[in-house]
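Analysis of the macromolecular model
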Amino acid sequence: MKIRFWGVRGSLATPLSNISLKEKITTSLELAVEAGLSDKEAVADFFKALPEHVRLTAGGNTTCLEIIAGDTCLIMDAGTGIRPLGLDLMQRAGKNPINAHIMISHTHWDHICGLPFFIPAFIPTNSITIYGSHPDLEGRLRHQQDYEFFPVPLAPAYKFVQLDRSEGLSTAGFDSGPVSVETIPLNHPGGCYGYRVAHDGKVVVFATDSEYKDPSSEALKPYVDFFKDADAVIFDAQYSIEENVEKEDWGHSNMFTGVDMALEAGVKRMLFTHHEPVNEDLRLWDNLEQAKRYLALQDHASDLQLELAVEGLIIDI
């Protein structure tokens, strides 16, 4: 399977500000002066050696990622990141019809506000199926595009599959495979659902917008079982531990909790996402370094990989 991240911010789209861009450029130039950089041929190597928070940005689009499993295109959530994804799909498809499956975790705005701008859905020859466990999923998404809120109604290419909240989605839900998708209810205001995608012996778990208030093994067991032996888990880590205490019942988690659950579940790779809008890149990468130090304290021999989900990141599973 291949995973590509198109949007990783939580709550609200957060473009890189001019102030932040100036800070990145200034830091880069200062480091270049310290390194005595004077050769244009050395610029590329110098750039690669810059700290990640300087040479990269986590990005500002809200949640959307793409999973390619064989010939099946799965889209996890439809935040603002789905707009550039749609444009990319159009370019990849050329004149061929697009067949994609959108799995909705929940219908809070930051996870659905990109749908009105998903260009492939406005071409009737394409087939876009939306899946979700919330009651009246289609009605909710149509309401978002009532004329009072948006000048164009929900696109004609969409089909809807209302999931049985007590069961996962079998391979029968897709036109190619074998791909299986299971769901699990998560702890978030209004309800949210995680997805476990399995294909060709590989497993990816998408578990955004969830709070794990009770750290006991008994309380975490359903989630640990859902994460069990996953090759990659995309995990909501919007807050620090302190913020989780301050914002109890807001429905989000932190990196340390993610590390604990990943170790218990035997996860190979954990990618932290749903980044807090006020956290700039320096803060995000600093949080990641703290999580890595915490992992070393908990299990210094662990092979668990910890990463920030950033826009444009592509990983092969």
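This text goes with the structure placed above it.
Below or above, wherever it landed, is the structure these notes cover. In this numbering scheme, every chain counts its residues from 1 along its sequence in written order. With the structure being a predicted model, the display of local features is reserved for residues of pLDDT at least 70 and the display and counting of side-chain atom pairs for 80 or more, all residues being used for whole-chain, interface and lining totals. Neither water nor hydrogens contribute to the side-chain values; these are computed over all heavy atoms in the structure.

1. Considering the sheet that holds strand S2 (residues 64-69)
Pairs of strands are assigned from DSSP output, requiring at least two bridges between the strands. Labels follow the DSSP assignment, with helices taken as runs of H or I lasting at least four residues and strands as runs of E lasting at least two, numbered in each case from the N terminus. An order of S6-S5-S4-S3-S2-S1-S13 is seen for the seven strands of this open sheet, with the pairing classed as mixed. Across the chains shown, the open sheet's two edge strands, defined by having one partner strand only, are strand S6 (158-162) and strand S13 (314-316). In this sheet, neighbouring strand axes are inclined to one another by 20 degrees on average, regardless of whether the strands run parallel or antiparallel. The sheet contact formed by S2 and strand S3 (residues 72-76) spans five bridges and is antiparallel. The partner of alanine 69 across the bridge, within S3, is threonine 72. Each of strand S1 (2-7), S2, S3 and strand S4 (99-103) touches helix H4 (residues 82-93); the most contacted strand, S2, lies at about 35 degrees to it. Where helices are involved, their axes are fitted lines through C-alpha atoms of the stretch in contact, as for all axes, and angles between N-to-C directions lie from 0 to 180°. Throughout, a contact is declared for two residues whenever any of their heavy atoms are within 4.5 Å.

2. Observations regarding a nonpolar patch on the surface
Put simply, a patch holds well-exposed residues, over 30% relative accessible area, that have no salt bridge, with like charges counted together within 9 Å and Val, Leu, Ile, Met, Phe, Trp or Tyr side chains within 5 Å. In these tables, accessible area is a Shrake-Rupley quantity obtained with a 1.4 Å probe, and a residue counts as shielded only by the protein chains included in the view. Whenever Lys or Arg places a side-chain nitrogen within 4 Å of a carboxyl oxygen from Asp or Glu, that contact is recorded as a salt bridge. The grouping of Leu16, Leu21, Ile25 and Leu29 at the surface amounts to a nonpolar patch, some 360 Å² of accessible area in total. Within the secondary structure layout, isoleucine 25 lies in helix H1 (residues 18-34). With a 1.4 Å probe rolled over the protein chains alone, any residue whose accessible area is under 20% of its type maximum counts as buried; one over 50% counts as exposed, and the rest are partly exposed. Among the residues examined, isoleucine 25 registers a relative accessible area of 45% and is labelled partly exposed.

3. A short note on the sheet that holds strand S8 (residues 192-199)
The six strands lie next to each other as S7-S8-S9-S10-S11-S12, forming an open sheet whose pairing is mixed. Because the sheet does not close on itself, it has two edges, and the strands there are strand S7 (179-186) and strand S12 (305-308). Each adjacent strand pair in this sheet contributes to an overall mean axis angle of 15 degrees, direction not counted. Here strand S10 (residues 232-236) pairs with strand S11 (residues 269-273) via four bridges, running parallel. Within the sheet, the bridge partner assigned to isoleucine 234 lies in S11 and is leucine 271.

4. Things to note about the packing of aromatic side chains
Only rings of Phe, Tyr and Trp enter the pairing, Trp through its six-membered ring, and a pair is recorded when the two centres are within 6.5 Å. The plane angle decides the type: under 30 degrees is stacked, over 60 is edge-to-face, the rest tilted. Counted by the stated rule, this structure contains six aromatic pairs. A ring pair is formed by phenylalanine 117 and phenylalanine 150, whose centres lie 5.3 Å apart and whose planes are at 85 degrees; its orientation type is edge-to-face. Of the two residues, phenylalanine 117 is situated in the loop between helix H5 (109-112) and strand S5 (127-132) and phenylalanine 150 in the loop between helix H6 (137-144) and S6; the sequence distance between them amounts to 33 residues. Residue phenylalanine 117 is classed as partly exposed on the basis of its relative accessible area, which comes to 40%. Taken together, a centroid distance of 4.4 Å and an interplanar angle of 5 degrees make the contact between phenylalanine 256 and tyrosine 294 stacked. A residue pair is termed long-range when its members are at least 10 positions apart, and phenylalanine 256 in helix H9 (residues 255-265) and tyrosine 294 in helix H10 (residues 281-298) qualify at 38 residues. For phenylalanine 256, a relative accessible area of 24% corresponds to the partly exposed category. What links up through ring pairs into an aromatic cluster is the set Tyr212, Tyr223, Phe227, Phe235 and Phe272.

Shape is all these values report; function is a separate question.
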